[in-house]
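So you can see what is in the structure, the chains are spelled out below.
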Amino acid sequence: MRRDTAEAGTAEPLTPRSPDRITALDALRGFALCGIVFINIPQTMEMYAHAGQMPFELRFFVFGRFYPIFYLLFGLGFGIFLRSAERRWDKPRLLLVRRFTALAVLGGLLHLIQPGEVLLPFAVAGFLVLLPVSYLPRRGVVAAGLVLTTVGVLAGVGGFGLLPGLFALGFALAELRVAQTLHRRAAQSAVLAAAAAAAAAASVGLVALELPAPAQPRIGLLLSVSMAACYVGLFLLLMRTPAARPLDAVLGPMGRMALTNYVTAALLFVPIGLAMGLHGSSLWAQAAALGAGILLLQAVWSALWLRAFAYGPLEWLWRCVTYGKLLPIKERA
């Protein structure tokens, strides 16, 4: 049976060589991972008490800008997975429950070395948001995503406050088959980038007004969401240029192994960061060098791994747990 034409999150990926795979979204997910590691390192190493202690470039261009993309893509991937499962299984949501449960266990283990990791919150949001939302009609899913995202910004409780809404919005994109029609959406990508850039500029202007303290975190979240959206629009446009080939070659394999790379990054930067004396320090250049080194290593090993296997190690294990049986990790002939 033919699989869905795109895997935007990390839910049951297509094989690396599938002609139907939407490489732009694989590369976008890899791009998000690149930004995330530069925040996870100083956060886990407790190098700052508040964002104002970060270097300006990291605070303005990276902090809070890449996790929203990751949230959205996971929600999209889960939506694609569920709709595909509905065509083949009598109880497709049972597979989704298994998927969330496995993610919760993995996230709980990762939390032991990386407090603040996102996999456990992903699982919780999956149970509390995506499962109920999956019963709504298409317009209801879109409305739920927009409402929850707005509530997340207005609540001003930090990046995790955006998770339910962006998960639901990603799920709505799956319902609207945006991934499968991405090749026809160049104009929409341009509009998204322009509108998001305008919203980001407006947010910066509001910050400059020095509004009352309660407004500041909400403006910060608005800036995070708008800049993340601008990054998405610009990246998708870039993937329609000659730069697409090298970007896909480097970022595509990393994105196809997003779960494996997210977890292994922590397994690398926690012991190495401690050995480098990053904990509680202000060694920002060294932290950035560590992040760049990890990304270089992951880019190389992801490409090499996917030459031999259809799935990353954790992606394959997650898939086996989901279906309750041992599945092949190599691409079928």
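Everything numeric here is computed off the predicted structure, so don't read it as measured data. (Residues numbered from 1 in each chain as written. Predicted model: local features only at pLDDT ≥ 70, side-chain atom pairs only at ≥ 80, totals over all residues. Heavy atoms only, no water.)

### Digging into the overall build of the protein chain
Thought 1: Looking only at helices and strands, the protein chain features 13 helices and 0 strands.
Thought 2: Ordered by position from N to C terminus, the α and β elements of the protein chain give α-α-α-α-α-α-α-α-α-α-α-α-α.
Thought 3: Its C-alpha atoms give the protein chain a radius of gyration of 19 Å, within 12% of the compact-globule value 20 Å for 333 residues.
Thought 4: Taking the principal axes of the C-alpha coordinates as reference, the protein chain spans close to 55 × 45 × 40 Å. (Helix = DSSP H or I, 4+ residues; strand = E, 2+ residues; numbered from the N terminus. Rg over C-alpha atoms; globule rule 2.2 N^0.38 Å.)

### What to know about the packing of helix α6 (residues 138-155) against helix α7 (residues 163-175)
Thought 1: At a minimum axis distance of 7 Å, the contact between α6 and α7 shows a crossing angle of 155 degrees. Between α6 and α7, the crossing angle belongs to the class labelled roughly antiparallel. For the pair α6 and α7, the crossing hand works out as left-handed. When α6 is examined against α7, the residues Arg138, Val141, Val142, Ala144, Gly145, Leu146, Leu148 and Thr149 are found in contact with a partner set consisting of Pro164, Gly165, Leu166, Ala168, Leu169, Phe171, Ala172 and Glu175.
Thought 2: Per-class residue counts for the contact of α6 with α7 are 11 nonpolar, 3 polar and 2 charged. (Axes fitted to C-alpha atoms, helices over the stretch in contact; angles between N-to-C directions. Parallel < 35°, antiparallel > 145°, perpendicular 65-115°, else oblique. Left-handed = near helix turned anticlockwise from the far one by under 90°. Contact = heavy atoms within 4.5 Å. Nonpolar A, V, L, I, M, F, W, Y, C, P; charged D, E, K, R; others polar.)

### Digging into the pattern of salt bridges
Thought 1: Tallied over the full model, the rule gives 5 salt bridges.
Thought 2: Between arginine 256 and aspartate 26 there is a salt bridge, and its shortest N-O distance comes to 3.6 Å. Here aspartate 26 lies in helix α1 (residues 23-44) and arginine 256 lies in helix α10 (residues 244-256), a separation of 230 residues in the sequence.
Thought 3: The exposure class of aspartate 26 is buried, given its relative accessible area of 0%.
Thought 4: Sharing partners across several salt bridges, the network here consists of Arg83, Glu86, Arg93 and Glu175. (Salt bridge = Lys/Arg side-chain N within 4 Å of Asp/Glu carboxyl O. Buried < 20%, exposed > 50% of the residue type's maximum accessible area, 1.4 Å probe, protein only.)

### Some points on helix α13 (residues 313-323)
Thought 1: Regarding α13, the residues found buried are Leu314, Glu315, Trp318, Arg319, Cys320, Thr322 and Tyr323.
Thought 2: Among the structural elements, α3 (67-86), α4 (92-111), α10 and α11 (258-275) are those in contact with the buried residues of α13.
Thought 3: Glycine 324 occupies a position one or two residues after α13 and carries a positive phi of about 70 degrees.

### Side note on the nonpolar core
Thought 1: In terms of nonpolar packing, the biggest core is built from 92 residues, with Phe70, Phe122 and Tyr262 touching the most fellow members.
Thought 2: Here this core gets 12 residues from one element, more than from any other, and that element is α3.
Thought 3: Once residues lying within four places of it in the same chain are set aside, the contact partners of tyrosine 262 are Leu33, Ile36, Asn40, Tyr67, Phe70, Leu110, Gln114, Glu117, Val118 and Leu119. (Core = buried A, V, L, I, M, F, W, Y, C linked by side-chain atoms within 4.5 Å.)

### Quick word on the packing of aromatic side chains
Thought 1: Taken as a whole and judged by the stated rule, the model has 25 aromatic pairs.
Thought 2: By the ring-pair criterion, three or more aromatic residues cluster together here, those being Tyr67, Phe70, Tyr71, Phe74, Phe78, Phe100, Phe122, Phe127, Phe167, Tyr262 and Trp318.
Thought 3: The ring of tyrosine 135 has arginine 93 lying over it, and the distance from NZ or CZ to the ring centre is 4.0 Å.
Thought 4: Stacked on the ring of phenylalanine 81, the Lys or Arg arginine 99 has its end atom at 4.6 Å from the ring centre. (Phe/Tyr/Trp six-rings, centres within 6.5 Å; stacked < 30°, edge-to-face > 60°. Lys NZ or Arg CZ within 6 Å of the ring centre and 35° of its normal.)

### What to know about the side chain of serine 134
Thought 1: Among the secondary structure elements, serine 134 is positioned in the loop between α5 (119-133) and α6.
Thought 2: According to the relative accessible area criterion, serine 134 is buried, its value standing at 3%.
Thought 3: Leave out the neighbours within four places in its chain, and serine 134 touches Leu82, Arg83, Arg93 and Phe171.

### Some words on the state of the cysteines
Disulfide: a covalent bond formed between the sulfur atoms of two cysteine residues.
Thought 1: One pass over the full model with this rule turns up 0 disulfides.
Thought 2: Free of any disulfide, cysteine 34 has its nearest neighbouring cysteine sulfur in cysteine 230, separated by 18 Å. (Disulfide = S-S within 2.5 Å.)

### Regarding unusual backbone geometry
If a residue is not glycine, its phi is most likely negative; likewise, a peptide bond is most likely trans.
Thought 1: Residue glutamate 46 is not a glycine yet carries a positive backbone phi of 50 degrees.
Thought 2: Secondary-structure assignment places glutamate 46 in the loop between α1 and α2 (56-61).
Thought 3: The phi dihedral of arginine 177 falls on the positive side, at around 55 degrees, and the residue is not glycine.
Thought 4: Looking at where arginine 177 falls in the secondary structure, it is placed in the loop between α7 and α8 (186-208).
Thought 5: For arginine 177, a relative accessible area of 43% corresponds to the partly exposed category.

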